[in-house]
Amino acid sequence: MDIDNKKATRQSYGEALVELGKKNNNIVVLDADLSTATKSNMFKKEFPERFFDMGISEQDMMGTAAGMASCGKIPFASTFAVFAAGRSYDQIRNSICYPKLNVKICGSHSGVTVGEDGATHQMLEDISIMKALPNMTVFSVSDDIETKWAVSEAAKINGPVYIRTCRAKTPVIYNENQEFELGKAVKIGDGTDATIFATGVTVSEAVLAKEELEKQGINVRVVDIHTIKPIDSEMIVKCAKETKKLISIEDHNVIGGLGSSIADVLAEEYPQKLIKMGINDRFGESGTSGELMEKFNLLSVDIINVVKSN
Amino acid sequence: MRVSDDDIRDLERVAVEVRKSVVEEVYLAKSGHPGGALSCVDILVSLYFNQMNINPEKPDDENRDRFILSKGHACAALYAVLAHRGYFDKELLKGFRKLGSPLQGHPDKNKLPGIDMSSGSLGQGLSIANGMALSSKLDSKGFRVYCLVGDGEIQEGQFWEAAMSSSHYKLDNLCLIVDKNNLQIDGRTKDVMNVDPLNKKLESFGFEVFEVDGNNIDEVISVLQKVKTIKGKPCAIIANTVKGKGVSYMENKEEWHGKAPNEEEFNKAIEELKF
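Conventions adopted
- Residues numbered from 1 in each chain as written.
- Chains lettered and ligands numbered in written order.
- Predicted model: local features only at pLDDT ≥ 70, side-chain atom pairs only at ≥ 80, totals over all residues.
- Helix = DSSP H or I, 4+ residues; strand = E, 2+ residues; numbered from the N terminus.
- Rg over C-alpha atoms; globule rule 2.2 N^0.38 Å.
- Buried ≥ 20, exposed ≤ 12 C-beta atoms within 10 Å, placed from the backbone.
- Contact = placed C-beta atoms within 7 Å.
- Axes fitted to C-alpha atoms, helices over the stretch in contact; angles between N-to-C directions.
- Parallel < 35°, antiparallel > 145°, perpendicular 65-115°, else oblique.
- Left-handed = near helix turned anticlockwise from the far one by under 90°.
- Nonpolar A, V, L, I, M, F, W, Y, C, P; charged D, E, K, R; others polar.
- Domains from an automatic or database assignment.
- Pairing = 2+ DSSP bridges.
- Expected span 1.5 Å × (residues − 1).
- pLDDT = per-residue confidence, 0-100.
- Core = buried A, V, L, I, M, F, W, Y, C linked by C-beta atoms within 7 Å.

Draft legend 1. Representation of the overall build of chain B in the model. Within chain B, the regular secondary structure consists of ten helices and seven strands. Computed over the C-alpha atoms, the radius of gyration of chain B is 17 Å, within 12% of the 19 Å expected from 2.2 N^0.38 for a compact globule of 275 residues. With respect to the three principal axes, the spread of C-alpha positions in chain B is 50 × 45 × 40 Å. Counting every position in chain B, which comprises 275 residues, the buried fraction comes to 52%. In chain B, the share of contacts with a sequence separation of at least 24, taken over all contacts with a separation of at least 6, comes to 75%.

The following block contains the structure:
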């Protein structure tokens, strides 16, 4: 991982949409007046006849996408995660998930790394809400390469998909040849001192922590959980068996997010202690993305401290 | 083209049979929503037996006209109309709202042929109809989309978001029908949360608005024909109806929004429902 080679996953989303649009005429994209921020405007520029701005009305956007999907289109509906999963929850539940319609929802600007806009715009509950819906697949992507895979994979799934992306630029972790599989986590390293389960923006921090710990003679592995649902139970149990300590870290409320998903698996299949790092049941606040990562203990240094503590 | 008096009479006869089925569905289920189902029967019969381009043999034909029952609780009427139209066996109506039945308490598109969209949470149907109408235009398929909403239902904010979109995207293949029976669970719509003047509101949102007696099949059909000639904007039909229409003791009584008749009431209703 080259720490200086950075790109925001929302940017990768926009690029991936354009690629999909070239291959498949049934791809349509909707946005709710945020296309310049979610980067769906890249698709708009390339395929204006297949782009629909619904204005500031997320609920209507989700319903419209559902109607299009029922007629054979593959709609990607994009807006900030807080408005996608929050404002239009009932529409996603009753008009998309219940009828199992082929709608892809992209919640961009997730987590505290949204930064200066503050708590009202920092979505910390979307994983929790979206994974609770039957028929829904949930992706939470960590870098450019993974995002492009997730978008392309989402189009192949016949049913609702939620993709969580971020505003902040994050390091590109993977190279072009990396292979991903739906519901299969990516294991980075084989260290047995600890497993750091991460998702989204925290994956690169976990990788940095791993590299630093290696220098100190502590060997950990990082597990990038890009598919929150269906979760990779097999990998979680394997790591629980093979490593001494289990840690999860996420830019999301620790209630209902990545850590809870892992704890669910452990409780049923291989009871083991899990240390959940993340946002501890509170709202975010204004600040730069970096300042907030520091304040909420989401940095590699925080992971290192937890790995080394007793 | 004017529909003949004989044809209208045949449709009215169908509507009576459908009403009997609605009452029986709710009676056997011991629960359901007879009031709002009975108010929209004549509209549904006009659509499914005369105006919509549909074929019960091919319920998934991609060029078919679409219908969305946004007021999903009125599904006893939709189920009865579909059964009488030949989409499925009328025997299935007896399982309405029962465990294991495809006739769910609110429509499920994946359980029953002929249901174009699941519904139940109010205020969502028009957005879905817009999405279908946009798809029809995008693929130059030319099918039309009909969306039936209740007058209480349009108190939901999403309905007005969707109304803006219908007009913004000039969806002239879309026809909104408001089943205006003036009652909702808590009482008269004008007392609970007034939606009037509805014609002016819809006009100002960019709809071509028509008003009609929604329990008069002759009138409903002629306005549905007129709607097809309007270009460049969506149409809305305000169908003035009577909640509980056809069953004397249910008519205009909000308490019949969501309860089933007992045996005596059921027999009285069946006796009254004659052509």
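Draft legend 2. The environment of Leu101 of chain A, seen in detail. Residue and element names in this part refer to chain A. Considering the arrangement of structural elements, one finds Leu101 in the loop between α6 (89-97) and β5 (104-108). In sequence terms Leu101 and Met68 are 33 residues apart; their C-alpha atoms lie 9.3 Å from each other. The residues touching Leu101, leaving out its near neighbours within four places in the chain, are Ala66, Ala69, Ser70, Ile96 and Pro160.

Draft legend 3. Structural detail: the packing of helix α1 (residues 9-23) of chain A against helix α8 (residues 144-156) of chain A. All names here are of chain A. Here α1 crosses α8 at 40°, and the two axes come no closer than 8 Å. One finds that α1 runs oblique with respect to α8. Helix-helix and strand crossings are classified by hand; for α1 and α8 the assignment is right-handed. Within the contact between the two elements, α1 uses Thr9, Ser12, Tyr13, Glu15, Ala16, Leu17 and Leu20 and α8 uses Asp144, Thr147, Lys148, Val151, Ser152 and Ala155. When its residues are assigned to classes, the contact of α1 with α8 shows six nonpolar, four polar and three charged.

Draft legend 4. Geometry of the domain arrangement of chain A. All names here are of chain A. Domain parsing of chain A yields domain 1 (7-171) and domain 2 (186-308). With centres defined by C-alpha atoms, the gap from domain 1 to domain 2 works out at 25 Å. On the domain 2 side, the residues contacting the 29 residues of domain 1 number 29 residues. Those elements giving two or more residues to the side of domain 1 that touches domain 2 turn out to be α7 (126-131), β6 (137-140), α8 and β8 (169-171). Residue composition of the side of domain 1 that touches domain 2, by class: twelve nonpolar, eleven polar and six charged.

Draft legend 5. Quick peek at the interface of chain B and chain A. Counting residues at the interface gives 21 residues for chain B, matched by 22 residues for chain A. Mapped by element, the contributors of at least two residues to the side of chain B that touches chain A are α5 (125-138) and α6 (157-168) of chain B. Broken down by element, the residue count for the side of chain B that touches chain A peaks at eight residues, all from α5 of chain B. Per-class residue counts for the side of chain B that touches chain A are six nonpolar, eleven polar and four charged.

Draft legend 6. Up close: the sheet that holds strand β2 (residues 145-150) of chain B. All names here are of chain B. Here we have five strands laid out as an open sheet, ordered β1-β2-β3-β7-β6, and parallel in their pairing. With partners counted over all chains shown, the strands left at the sheet margins are β1 (66-69) and β6 (208-213), one partner each. Strand-to-strand twist across the sheet, computed as the mean angle between neighbouring axes with direction ignored, equals 20°. Across six bridges, the pairing between β2 and strand β3 (residues 174-180) is parallel. Following the sheet pairing, Gly150 is matched in β3 by Asp179.

Draft legend 7. Looking closely at the sheet that holds strand β4 (residues 74-80) of chain A. Residue and element names in this part refer to chain A. The strand order across the open sheet built from seven strands is β3-β2-β4-β5-β7-β6-β12, with neighbouring strands paired in mixed fashion. The sheet is open, and its two borders are formed by β3 (51-53) and β12 (227-229), each paired with just one other strand. Averaged over all pairs of adjacent strands, the angle between strand axes in this sheet comes to 20°, irrespective of strand direction. As judged from the four bridges shared by β6 and strand β7 (residues 161-164), these two strands associate in the parallel manner. When the bridges of β7 are listed, Thr137 appears paired with Val161. Across the sheet, α8 lies against β2 (27-31), β4, β5, β6 and β7, angled at about 175° from β7, the strand it touches most.

Draft legend 8. Focus on helix α9 (residues 202-215) of chain A. Residue and element names in this part refer to chain A. Relative to the 20 Å expected for 14 residues at 1.5 Å per residue, α9 spans 20 Å between its end C-alpha atoms, a close match to the ideal helical length. Among the residues making up α9, those that are buried are Thr202, Val203, Ser204, Glu205, Ala206, Val207, Ala209, Lys210 and Leu213. For α9, the elements touching its buried residues are β8, β9 (186-188), β10 (194-198), β11 (220-224), β13 (246-253) and α13 (300-308). One or two residues past the end of α9 sits Gly217, with phi positive at roughly 80°.

Draft legend 9. Structural context of the confidence of the model for chain B. In this model, chain B carries an average pLDDT of 97, and 100% of its residues clear a pLDDT of 70 or more. In the predicted assembly, ipTM is 0.97 and pTM is 0.97.

Draft legend 10. Here's a closer look at the packing of helix α1 (residues 5-29) of chain B against helix α4 (residues 75-85) of chain B. All names here are of chain B. Packing of α1 against α4 brings their axes to within 9 Å, and their N-to-C directions diverge by 125°. The pairing of α1 with α4 is recorded here as oblique in orientation. Where α1 crosses over α4, the two elements pack in a sense that is right-handed. Of α4, the residues touching α1 (which contributes Val14, Glu17, Val18, Ser21, Val22, Glu25 and Val26) are Ala76, Ala77, Tyr79, Ala80, Val81, Ala83 and His84. Taken together, the residues that form the contact of α1 with α4 break down as ten nonpolar, two polar and two charged.

Draft legend 11. The arrangement of the environment of Met293 of chain A in detail. Residue and element names in this part refer to chain A. Considering the arrangement of structural elements, one finds Met293 in helix α12 (residues 289-295). On the basis of neighbour count, Met293 is assigned to the buried category, with 23 C-beta atoms found within 10 Å. When the C-alpha atoms of Met293 and Phe51 are compared, they prove to be 35 Å apart, with 242 residues separating the residues in sequence. If sequence neighbours within four positions are ignored, Met293 has contacts with Thr113, Leu298 and Leu299.

Draft legend 12. Quick peek at the nonpolar core. If you look at the biggest cluster of nonpolar residues, it comprises 174 residues, and the most contacted ones within it are Ile196 of chain A together with Ala77 and Ile237 of chain B. Inspection of this core shows a minimum of three residues originating in each of domain 1 (7-171) and domain 2 (186-308) of chain A. Ignoring anything within four residues of it in the chain, the contact list for Ile237 of chain B reads Cys175, Ile177, Phe210, Val212, Val223 and Val227 of chain B.

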